[in-house]
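As a plain string of letters, each chain reads:
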Amino acid sequence: MTNQTNTLSENIIKEFKVNGAVFLPGIFSNWVSCLRKGVSAVMKAPSERERSYEKNKDTPGFFNDFCNWQRINELRDFVYNSNSGEVAAQLMCSRTARFFHDHILVKEPGSSTVTPWHQDQPYYPVAGFQSVSFWIPLDPVPRKRSIEFIKGSHTWGQFKPRRFDGTDLFPNDPRNHFPDIDELNCSPKFLGSEMRPGDAAAFNFNIFHRAPANSSKRRRRVISMRWVGDDAKFAVRLGRTSPDFSYLNYRDGEPFSAPEFPLVFGRKTTE
Ligand SMILES: O=C(O)CCC(=O)C(=O)O
């Protein structure tokens, strides 16, 4: 698979830092067919982490599966051989880029599941400000069905995480519940864009974001590829994280390092 643009402009890097999210048209367009094959392989044989919504009702589903890059060749190829590690390092202003996990999110035509406003980092066993997820659509997505962010909200602190079905992930978490966006006493600015296959929305793990239902007649296949930078440390949460890595037996504040999280960009020759 061929590589493509690796160098981002200073303006893009600044926009990411200040706004917490940036849209990168065409950045992974060479990888669309490879990623589509990877998503299709996972959907044919989901992992034990698969968690889909509405699958037992008569309504179209919202397929979610995580952490498949080690068993699916196409996803592994993207992680190691695409420009994503280098692009991630630039956005995070980090010397290194370590892969965290892949997350497949397929909304079938007519799926009524809205992905509610949330931020990602409180769900994860990782702390640190240097982080980026690439939300990569593999089908065209108009602005009204695309991921949406609140500009600058990656600096607003961390809140108690809820599952996408509305239940608390960590019931004893003392942090405040995620704010009701309609009741914020500021005027949030929303960031969104029409997107094509192979574009990416790059965003910090702490930014507030959501994605609408899929009221269209076409599937909305997306893969989110998540990366962390030099300052990543393990974070112990008050329950099983999503995705769950409790089998690693990590301690709070330990360097975020395990074979599951390969250092893809900026490796020292001795590592
Ligand atoms: O695609 C969606 O519905 C939500 C995506 C999301 O929340 C994420 O990638 O972090």
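Residues numbered from 1 in each chain as written. Predicted model: local features only at pLDDT ≥ 70, side-chain atom pairs only at ≥ 80, totals over all residues. Heavy atoms only, no water.

Regarding helix α2 (residues 32-44)
The α-helix winds at 3.6 residues per turn, so residues separated by three or four positions along the chain end up facing the same way.
Okay, so step 1: Between its first and last C-alpha atoms α2 spans 18 Å; for 13 residues at 1.5 Å apiece the expected length is 18 Å, and the two agree.
Okay, so step 2: Within α2 the residues assigned to the buried category are V32, C34, L35, G38, V39 and V42. For α2, the angular spread of the buried residues around the axis is 165°, confining them to a single face. Seen from the open side of α2, the exposed residues pointing more than 90 degrees away from its buried face are K37 and K44.
Okay, so step 3: Looking at the packing, one finds that the buried side of α2 touches β2 (62-66), α3 (73-81), β3 (97-107), β6 (131-137) and β11 (220-228). (Helix = DSSP H or I, 4+ residues; strand = E, 2+ residues; numbered from the N terminus. Expected span 1.5 Å × (residues − 1). Buried < 20%, exposed > 50% of the residue type's maximum accessible area, 1.4 Å probe, protein only. Arc of directions from axis to C-beta. Contact = heavy atoms within 4.5 Å.)

Describing the site of the ligand
Okay, so step 1: In the neighbourhood of the ligand, 13 residues make up the surrounding shell, with T115, D120, W135, R220 and S224 lying closest.
Okay, so step 2: Here an oxygen atom of the ligand sits 3.1 Å away from a polar atom, N or O, in the side chain of H118.
Okay, so step 3: Residue W135 places a side-chain N or O atom 2.9 Å away from an oxygen atom belonging to the ligand.
Okay, so step 4: Its free accessible area being 290 Å², the ligand has 99% of it covered by the protein chains.
Okay, so step 5: Those elements that place two or more of their residues in the shell around the ligand are β3, β4 (115-118), β10 (209-211) and β11.
Okay, so step 6: Counting residues per element, the shell around the ligand draws most heavily on β11, which supplies three residues. (Near = heavy atom within 4 Å. Polar contact = N/O pair within 3.5 Å; in protein donor to acceptor, adjacent residues only side chain to side chain. Areas by Shrake-Rupley, 256 points an atom, 1.4 Å probe, with all protein chains shown as cover.)

Comments concerning helix α1 (residues 10-19)
Okay, so step 1: Every buried residue of α1 is listed here: I13, F16 and N19. Summarising the axial view, the buried residues of α1 lie within an arc of 155°, below the 170-degree limit, and thus occupy one face. For α1, exposure combined with an orientation more than 90 degrees from the buried face picks out E10, N11, K14, K17 and V18.
Okay, so step 2: In the core, the buried residues of α1 are packed alongside β1 (21-24), α4 (84-92), β6, β7 (148-150), β8 (190-191) and β9 (200-203).

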